[in-house]
Amino acid sequence: MKQLTPKEEEIMELYWEYGPMQVRELQSHYDEPRPHVNTLATLVKIMEEKGFLAHKALNQRCFQYYACMTREEYKGGTLKSVIDKFFGRSYMNAVSALVKDEKISVDELRELIKEVENG
């Protein structure tokens with residue numbers, strides 16, 4: 001899966017939160033100083049080319065863009081990419097690294113296993 005840049009992620013968060021919208025509507029969700037509409041239009045077009053957004057024509061000059069995947073689908077694909085790239089496609093290696101780096105304790109790992117086993 002292709003990855004989003006931080007600015008693109010920011011835009012995706014707005015599409016996930018507010019749903020389909022035109023670029024001018026997207027701009028209205030930003031605080032001042034708002035990004036220029038042309039900048040947003042360029043980023044939206046790039047995101048469409050990457051497959052994260054799609055559009056429908058409202059008329060000859062107006063397009064409404066919408067997300068092509070949910071936030072959860074994106075997170076899952078991103079996690080898979082990280083595991084594939086940095087942990088040799090091994091989720092076990094990833095969890096092991098978290099424990100070794102003390103990002104998760106052995107007790108927390110046991111608790112997680114119990115939660116998974118109990119469904």
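On to the layout of surface pockets, then. As a volume, the largest pocket reaches approximately 210 Å³. Every residue lining the largest pocket is listed: Q22, V23, R24, V37, N38, A41, K45, R61, C62, F63 and Y65. Counting only elements with at least two residues in the lining of the largest pocket, the list comes to helix 2 (23-28), helix 3 (37-50) and strand 2 (63-67). Of all the elements, helix 3 adds the most residues to the lining of the largest pocket, at four residues. Residues that form the lining of the largest pocket fall into these classes: six nonpolar, two polar and three charged. What the second largest pocket holds in volume is close to 150 Å³. Counting only elements with at least two residues in the lining of the second largest pocket, the list comes to helix 4 (71-86) and helix 5 (91-100). No other element matches helix 5, which puts four residues into the lining of the second largest pocket.

Reading guide: rules and limits
Just so you know, the residues in each chain are numbered from 1, in the order the chain's sequence is written. With the structure being a predicted model, the display of local features is reserved for residues of pLDDT at least 70 and the display and counting of side-chain atom pairs for 80 or more, all residues being used for whole-chain, interface and lining totals. Note that the side-chain values use all heavy atoms of the structure and ignore hydrogens as well as water. Of the grid points, spaced at 1 Å and generated over the protein atoms alone, those admitting a 1.4 Å probe that cannot get out make up cavities, while open sets with protein on both sides within 12 Å along at least five of seven lines make up pockets; any residue with an atom within 4 Å of a point is treated as lining. Grid points are joined across faces, edges and corners, and a volume is the space filled by probe spheres set on the points. Helix and strand assignments follow DSSP, with helices taken as H or I runs no shorter than four residues and strands as E runs no shorter than two, numbered in order from the N terminus. Following the grouping adopted for this structure description, the nonpolar residues are Ala, Val, Leu, Ile, Met, Phe, Trp, Tyr, Cys and Pro, the charged ones are Asp, Glu, Lys and Arg, and the polar ones are all others, Gly among them.

Geometry only, nothing functional implied.
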